[in-house]
Amino acid sequence: MKARVAVLISGAGTNMAALLYAAKAADCPYELVLVASNNPDAAGLVLAKAEGIATWARTHKGMDRDAFDALVDEQLRAAGADYVALAGYMRILSDDFVARWAGRMLNIHPSLLPKYKGLNTHQQAIDAGDAYGGCSIHVVTPALDDGPVLAQTPVAIARGDTAESLARRVQFAEHQLYPATLAAFVSRERSPDWLLGRVRELAMALPEADEVSSHGMPCFGIVKGKKFAYFTHDHHRDGKTALLVKISGADEQAQLIELDEARYYRPAYFGDGWIGIRLDLGDTDWDATGEWLRKSWLAIAPKKLAGLMAVAEDF
Ligand code: GAR
């Protein structure tokens, strides 16, 4: 299944177009499910419509930031978006909105970050006598044009360049960089190695945890004690990447499967005391995963050790 991406634009939308046309390749790991704008006249909307992509536009004028961002968020969720790509979206986002899409929202910025956040980036690079301008893709965090940089392309500044001439060349670089970076970003979250890395980080943070291999699966237990989690990838060719954790028994197992049968399953050969939780659906809640691991650890930890954890939690 392809990752579902919504793009937010305010203007020409050439970066959105680059994302859209890259998505037409059969092996592109994402698809565009919505192009949304705070500017009903944004030229990019016409192009998106012509290409059969759902669009939504509404002016932010006269609305406060939180209320407008809540409307946008509603649209993104209704479209079933897993990720948001900001592409020339010239609005500061509310902290709530950023928090809701934490780790799932990227932005493209026309400078080699951390240089020149904000506006007039090309003029600033020229005025500073820089040899290169360029563009960056970063994960969006609450601070403007901040957040971990995923990729950058330097673009040489030529003698006599103006902000406009440099901007035009940087756009060629942007149109290459954004689709490739977005594709790598959404794939990473589905790759077994990356998923195992996240599980390992959470599991190994529990007291006295260690990792061994069991039945060909990476597996986490208490040193010289019982196991509390297994990481399975395509075991017995079932095509699933999942975490197996301890639960209370058959009732809880049945309830979970009824609640969300795409995510939860009864792991073969493990019996009623375990649940399989798919990690390859693209919308894994890592806080919840940490909580599953902690509960599973508590279920098998020797009393003395479990008692220490309970004490720690009282603080
Ligand atoms: C792009 O150059 C993008 O880097 C920049 O706006 C332009 C949008 O063009 N973004 C920012 O300045 C964000 N701070 P487009 O609408 O043709 O994609």
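The structure under discussion appears in the preceding block.
Residues numbered from 1 in each chain as written. Predicted model: local features only at pLDDT ≥ 70, side-chain atom pairs only at ≥ 80, totals over all residues. Heavy atoms only, no water.

Student: What should I look at first to understand the pattern of salt bridges in this one?
Tutor: Side-chain pairs of opposite charge can arise whenever the charged atoms involved come near each other. One pass over the structure, following the stated rule, counts 15 salt bridges. Lys117 serves as the salt-bridge partner of Asp146, at 2.6 Å between the closest nitrogen and oxygen. With Asp146 in the loop between β6 (132-139) and β7 (149-156) and Lys117 in the loop between β5 (105-109) and α5 (121-127), the pair connects residues that are 29 residues apart, well separated along the chain. Asp146 sits in the partly exposed class, given a relative accessible area of 31%. When its relative accessible area of 35% is taken as the criterion, Lys117 is described as partly exposed. The salt bridge involving Arg169 is made with Asp161; its shortest N-O contact spans 2.7 Å. (Salt bridge = Lys/Arg side-chain N within 4 Å of Asp/Glu carboxyl O. Helix = DSSP H or I, 4+ residues; strand = E, 2+ residues; numbered from the N terminus. Buried < 20%, exposed > 50% of the residue type's maximum accessible area, 1.4 Å probe, protein only.)

Student: What is the right way to read the environment of Trp297 from this model?
Tutor: For Trp297, the position within the fold is in helix α9 (residues 286-300). On the basis of relative accessible area, Trp297 is assigned to the buried category, the value being 0%. With sequence-adjacent residues up to four places away left out, Trp297 is seen in contact with Leu206, Pro207, Ile222, Phe228, Leu305, Ala306 and Met309. (Contact = heavy atoms within 4.5 Å.)

Student: Got a minute to help me understand the site of the ligand in this structure?
Tutor: Around the ligand, the structure places Ala12, Gly13, Thr14, Asn15, Gly88, Met90, Ile108, His109, Pro110, Asp145, Gln171 and Glu174. In the model, an oxygen atom of the ligand is placed 2.7 Å from a nitrogen or oxygen of the Gly13 main chain. A distance of 3.3 Å separates a nitrogen atom of the ligand from a polar atom in the side chain of His109. Protein coverage of the free-state accessible area of the ligand, which is 450 Å², stands at 85%. Of all the cavities here, the one that holds the ligand is the largest pocket. Contributions of two or more residues to the shell around the ligand are made by α1 (14-22), β5 and α6 (163-188). A per-class count over the shell around the ligand returns 4 nonpolar, 6 polar and 2 charged. (Near = heavy atom within 4 Å. Polar contact = N/O pair within 3.5 Å; in protein donor to acceptor, adjacent residues only side chain to side chain. Areas by Shrake-Rupley, 256 points an atom, 1.4 Å probe, with all protein chains shown as cover. 1 Å grid on protein atoms, 1.4 Å probe; cavity = no way out; pocket = protein on both sides within 12 Å on 5 of 7 lines; lining within 4 Å. Sits in = over half its atoms within 2 Å of the grid points. Nonpolar A, V, L, I, M, F, W, Y, C, P; charged D, E, K, R; others polar.)

Student: Would you mind going over the layout of surface pockets with me for this structure?
Tutor: Over the atoms rolls a probe the size of a water molecule, and its path tells where empty space is left. Each pocket or cavity is described by its volume, and for the largest pocket that value is around 880 Å³. Every residue lining the largest pocket is counted, 35 residues in all, and those nearest its centre are Gly88, Tyr89, Met90, Ile108 and Pro110. In terms of residues, the lining of the largest pocket owes the most to one element, α6, which gives 4 residues. Grouping the amino acids of the lining of the largest pocket by side-chain chemistry returns 16 nonpolar, 15 polar and 4 charged. (Points joined across faces, edges and corners; volume = space filled by probe spheres on them.)

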